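One letter stands for each residue in the lines below.
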Amino acid sequence: MLAEERRQRILEILAKDGRVIAQELAQQFQLSIDSIRRDLSIMKDQGLLRKTYGGAVPVYDTPSRKVRDKPQPKNIRYGDGAPHQNAISQLAASYIQPNDTVFIGGAGIQFGMLKYLKAEMPFTVVTNSLTIAETLRLMPQVEAYLVGGKLRPGGDTMIDTIAQEMIGRFNYDIGFITGGGISQKGITVATPENAALIRAAAEASNRRICLAPHEKLGVRSFATSVPLQLIDILITDQGAPEHLIQDFENHNINVIIADENLASGGADDESH
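Residues numbered from 1 in each chain as written. Predicted model: local features only at pLDDT ≥ 70, side-chain atom pairs only at ≥ 80, totals over all residues. Heavy atoms only, no water.

Focus: the overall build of the chain
A count of helices and strands for the chain gives 10 helices and 13 strands. The buried share of the chain, taken over its 272 residues, is 49%. Relative to all contacts within the chain whose residues are 6 or more apart in sequence, the contacts with residues 24 or more apart total 63%. Accessible surface computed for the chain: about 13600 Å², of which carbon and sulfur atoms make up 49%. (Helix = DSSP H or I, 4+ residues; strand = E, 2+ residues; numbered from the N terminus. Buried < 20%, exposed > 50% of the residue type's maximum accessible area, 1.4 Å probe, protein only. Contact = heavy atoms within 4.5 Å. Areas by Shrake-Rupley, 256 points an atom, 1.4 Å probe, with all protein chains shown as cover.)

Points about helix 9 (residues 192–203)
Relative to the 16 Å expected for 12 residues at 1.5 Å per residue, helix 9 spans 16 Å between its end C-alpha atoms, a close match to the ideal helical length. Residues A195, A196, L197, I198, A200, A201 and A202 constitute the buried set of helix 9. Looking at the buried residues of helix 9, the elements they touch are strand 4 (101–104), helix 8 (161–167), strand 7 (172–177), strand 9 (186–189), strand 10 (205–211) and strand 11 (223–226). (Expected span 1.5 Å × (residues − 1).)

Re the sheet that holds strand 2 (residues 50–52)
One open sheet holds the 3 strands; their spatial order is 1-3-2, and the pairing between them is antiparallel. Strands with a single pairing partner mark the edges of an open sheet, and in this sheet they are strand 1 (20–21) and strand 2. Here 3 bridges tie strand 2 to strand 3 (residues 55–57), and the two strands are oriented antiparallel to one another. Following the sheet pairing, K51 is matched in strand 3 by A56. (Pairing = 2+ DSSP bridges.)

Comments concerning the packing of aromatic side chains
Going through the model one piece at a time under the given rule, you end up with 3 aromatic pairs. Judged by centre distance (5.7 Å) and plane angle (55°), the rings of Y145 and F170 are tilted. Note that Y145 is positioned in strand 6 (residues 142–146) and F170 in the loop between helix 8 and strand 7, a separation of 25 residues in sequence. What makes F170 partly exposed here is its relative accessible area of 23%. Among the aromatic side chains, those forming a connected cluster through ring pairs are F103, Y145, F170 and Y172. (Phe/Tyr/Trp six-rings, centres within 6.5 Å; stacked < 30°, edge-to-face > 60°.)

Some thoughts on empty space enclosed by the protein
Scanning the entire structure with this criterion turns up 2 cavities of 30 Å³ or more. Forming the boundary of the second largest cavity are T178, G179, G181, I182, I187, C210, L211, A212 and K216. Sorting the residues of the lining of the second largest cavity by element identifies strand 8 (181–183) and strand 10 as the ones contributing at least two each. (1 Å grid on protein atoms, 1.4 Å probe; cavity = no way out; pocket = protein on both sides within 12 Å on 5 of 7 lines; lining within 4 Å. Points joined across faces, edges and corners; volume = space filled by probe spheres on them.)

Points about the side chain of Q141
Relative to the elements of secondary structure, Q141 occurs in the loop between helix 7 (130–136) and strand 6. Filtering out sequence-adjacent residues up to four positions away, Q141 remains in contact with K118, A119, E120, M121, P122 and F123.

A word on the sheet that holds strand 11
Pairing in this open sheet of 3 strands is antiparallel, and the strands run 8-9-11 from one edge to the other. The open sheet has two edge strands, strand 8 and strand 11, and neither has a second partner. Ignoring strand direction, the axes of neighbouring strands in this sheet form an average angle of 40°. Bridge count between strand 9 and strand 11: 3 bridges; the pairing is antiparallel. Pairing of V189 across the sheet is with A223, part of strand 11. Running over the sheet, helix 9 touches strand 9 and strand 11 and is turned about 10° from strand 11. (Axes fitted to C-alpha atoms, helices over the stretch in contact; angles between N-to-C directions.)

A word on the pattern of salt bridges
In the structure shown here, the tally under the stated rule is 11 salt bridges. Residue D17 is joined to K16 by a salt bridge in which the shortest nitrogen-to-oxygen separation is 3.3 Å. Relative accessible area serves as the criterion here: at 46%, D17 is assigned to the partly exposed category. Taking the shortest distance from any N to any O, the salt bridge between R19 and E260 comes out at 2.9 Å. With R19 in the loop between helix 1 (3–17) and strand 1 and E260 in the segment after strand 13 (254–258), the pair connects residues that are 241 residues apart, well separated along the chain. (Salt bridge = Lys/Arg side-chain N within 4 Å of Asp/Glu carboxyl O.)

Focus: the environment of H243
Along the polypeptide, H243 turns up in helix 10 (residues 242–250). Taking the C-alpha atoms as reference points, H243 and Y53, separated by 190 residues in sequence, lie 9.3 Å from one another.

What about the side chain of N86?
Structurally, N86 can be placed in helix 5 (residues 83–93). In this structure the side chain of N86 is engaged in a polar contact, spanning 3.0 Å, whose partner is the side chain of K115. (Polar contact = N/O pair within 3.5 Å; in protein donor to acceptor, adjacent residues only side chain to side chain.)

Digging into the packing of helix 2 (residues 22–29) against helix 3 (residues 33–45)
At a closest axis distance of 9 Å, the pairing of helix 2 and helix 3 adopts a crossing angle of 115°. With respect to helix 3, the axis of helix 2 lies roughly perpendicular. The two elements helix 2 and helix 3 cross, and the hand of that crossing is right-handed. Touching A22, Q23, L25, A26 and F29 of helix 2 are I33, I36 and L40, all from helix 3. For the contact of helix 2 with helix 3, the per-class residue count stands at 7 nonpolar, 1 polar and no charged. (Parallel < 35°, antiparallel > 145°, perpendicular 65-115°, else oblique. Left-handed = near helix turned anticlockwise from the far one by under 90°. Nonpolar A, V, L, I, M, F, W, Y, C, P; charged D, E, K, R; others polar.)

Written as structure tokens, this is what we have:
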């Protein structure tokens, strides 16, 4: 197969699957991984795709514009989660050690951590999410605290000044944080109230771990909650663009790539 024919085939796979993995392409075309990487680099330079960690995704407008991320309905936010999001959630849960005290907010990717918690390991969780607190009530090994505050109509989380004050009263071994996007501005969210609450949790944590699916990298929402210098670890997935990973690493952030092929079904898996 000629190089141009191979690259056309790569574009067809990209259009069908929404992403390509360099290792899989190397096996399919019986080429070295370096040859496939050269193909992807040439196609990137031609504007045909966007390179990511381990592969490529289709070209689309870089999400560096400011956006106002709207809260998702509860049944969508707390659904099963996409495979790459579950991989991030599982890897994040693995950082919790016995007797830790951790903050887990009310985002869907944070809720996804719950199914990967170790069944026999005692630790403490502080949350501002009613749904997460209700789920933790069924886990006898977890000591859970739900912060108070004003309930918004149809809302699940408390993010007002009462909640912020309560969040700041605790000391966390790990604060698991996320937002509508993460860029050079840091973690950003839709409202100043939510930004203040996440900032309070980050400032009260010994270690800050940011959960950042690739679709949120480079995105800026309305209000900055946590600057980059406060983030210790950023967990993303294989769809993350290489240049953004490099940008975050240049800010002394430890970027960890979660592999969705290694993600298990939940806490009942043998590895837990």
